Amino acid sequence: MPDFMKYKDKFTPAGFIEKIQRVAKRAGAKLVYAALILFYTLESNSVSLKDKAIIIGALGYLISPLDVIPDAIPIAGLGDDLGVLFYVLRKVWGNVSDDVKNKAKDKLATWFDEEEMQSLDTLFKDDPTDSPV
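This structure is a prediction, so every number in the text was calculated from the model and none was measured.

Draft legend 1. Quick look at the overall build of the chain. What the chain contains, in helices and strands, is six helices and zero strands. Counting the 133 residues in the chain, one finds 48% classified as buried. If you take every contact in the chain between residues at least 6 apart in sequence, the share linking residues at least 24 apart comes to 73%. Of the accessible surface of the chain, which amounts to about 7,000 Å², a share of 53% is contributed by carbon and sulfur atoms.

This is the structure we're talking about:
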């Protein structure tokens with residue numbers, strides 16, 4: 001796992017939204033959903049400053065064009081991003097509220113059709129460690 005904390009300075013809310021909108025279809029609903037959950041979790045008061053710093057590092061890694069595997073490489077290019085997002089999501093999952101999950105799904109629905117959204121039905125049902133990904 002790369003030291004994604006060195007990417008925390010790359011994170012900005014505007015940069016995150018711009019990147020997600022640009023890569024949403026190529027990245028797939030699962031990656032975008034995980035990223036949105038982390039993004040909206042930053043607004044929560046139930047998340048420690050340490051966990052928020054880890055989330056910011058992971059989202060900065062997603063935004064950064066300088067990844068371990070460059071995003072331009074088909075299929076594999078976003079795999080390292082997904083791994084980082086899932087790693088951090090597992091760490092903070094206990095602090096992710098249903099409100100955050102619903103907010104992420106609502107935003108996701110603006111970019112993906114119903115069929116793509118159905119792939120999320122089994123993703124992170126109760127615990128991201130049970131994820132089929």
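Draft legend 2. Looking closely at the packing of aromatic side chains. If you walk through the whole model with that rule in mind, you get three aromatic pairs. On the numbers, 4.5 Å between centres and 15° between planes, the contact of F16 with F39 is stacked. One end of the pair, F16, is in helix α1 (residues 13–27); the other, F39, is in helix α2 (residues 29–41), and 23 residues separate them in sequence. On the basis of relative accessible area, F16 is assigned to the buried category, the value being 0%. Members of the aromatic cluster, connected to one another through ring pairs, are F11, F16, F39 and Y40.

Draft legend 3. Spatial organisation of helix α3 (residues 49–63). When the terminal C-alpha atoms of α3 are compared, their 21 Å separation across 15 residues agrees well with the 21 Å that a helix rising 1.5 Å per residue should span. Turning to α3, its buried residues number three or more, namely D51, K52, I54, I55, G57, A58, L59, G60, Y61, L62 and I63.

Draft legend 4. Geometry of the packing of α1 against α3. Here α1 crosses α3 at 50°, and the two axes come no closer than 9 Å. When the axes of α1 and α3 are compared, the pair comes out oblique. As α1 runs across α3, the sense of the crossing is left-handed. Here α1 contributes G15, F16, K19 and I20 to the contact with α3, which in turn contributes L59, L62 and I63. Its residues assigned to classes, the contact of α1 with α3 shows five nonpolar, one polar and one charged.

Draft legend 5. Structural view of the nonpolar core. Formed by 43 residues in total, the largest nonpolar core has its most connected members in F16, V32, L59, L85 and L108. Put simply, the parts of the chain that give this core at least two residues each are α1, α2, α3, α4 (79–92) and α5 (98–108). Sorting elements by how many residues they give to this core places α2 first, with 11 residues. For F16, the contacting residues outside a window of four places in its chain are F11, A35, L36, F39, L59, L62 and I63.

Draft legend 6. Spatial organisation of the pattern of salt bridges. By the definition in use, this model includes two salt bridges. Between K101 and D98 there is a salt bridge, with the nearest N and O atoms lying 3.7 Å from each other. Of this pair, K101 and D98 are both found in helix α5, three residues apart, which corresponds to roughly one turn of the helix. Among the residues examined, K101 registers a relative accessible area of 16% and is labelled buried.

Draft legend 7. The arrangement of the environment of A34 in detail. Among the structural elements, A34 can be located in helix α2. Taking relative accessible area as the criterion, A34 reaches 0% and is therefore assigned buried.

Rules behind the numbers
- All chains use their own residue numbering, which begins from 1 and follows the written sequence.
- Only residues with pLDDT of at least 70 get local features here, since the model is predicted, and only at 80 or more are side-chain atom pairs given and counted; chain-wide, interface and lining totals rely on the full set of residues.
- Derived side-chain values reflect all non-hydrogen atoms in the structure, with water molecules and hydrogen atoms excluded from consideration.
- Only DSSP runs of H or I reaching four residues or more are called helices, and only runs of E reaching two or more are called strands; each is numbered from the N terminus.
- With a 1.4 Å probe rolled over the protein chains alone, any residue whose accessible area is under 20% of its type maximum counts as buried; one over 50% counts as exposed, and the rest are partly exposed.
- Pairs of residues are marked as contacts when any of their non-hydrogen atoms sit within 4.5 Å.
- Accessible surface is estimated by sampling points in the Shrake-Rupley manner with a 1.4 Å probe; for residues, cover comes only from the protein chains shown.
- Each Phe, Tyr or Trp ring (for Trp, its six-membered ring) is paired with any other whose centre lies within 6.5 Å, and the angle between the two planes then decides the class: stacked below 30 degrees, edge-to-face above 60, tilted in between.
- The span you would expect from a helix comes to 1.5 Å times its residue count less one.
- Lines fitted to C-alpha atoms define the axes here, with helix axes fitted over just the stretch in contact, and angles between the N-to-C directions of these axes take values from 0 to 180 degrees.
- Just so you know how the angles are binned, under 35 degrees is roughly parallel, over 145 roughly antiparallel, 65 to 115 roughly perpendicular, and the rest oblique.
- Each crossing is labelled by how the near helix is turned from the far one, with a counterclockwise turn of less than a right angle marking it left-handed and a clockwise turn marking it right-handed.
- Residues were grouped as follows: Ala, Val, Leu, Ile, Met, Phe, Trp, Tyr, Cys and Pro as nonpolar; Asp, Glu, Lys and Arg as charged; and all remaining residues, including Gly, as polar.
- In plain words, nonpolar cores are sets of buried Ala, Val, Leu, Ile, Met, Phe, Trp, Tyr and Cys residues tied together by side-chain atoms within 4.5 Å.
- Here, a salt bridge means any Lys or Arg side-chain nitrogen found within 4 Å of an Asp or Glu carboxyl oxygen.

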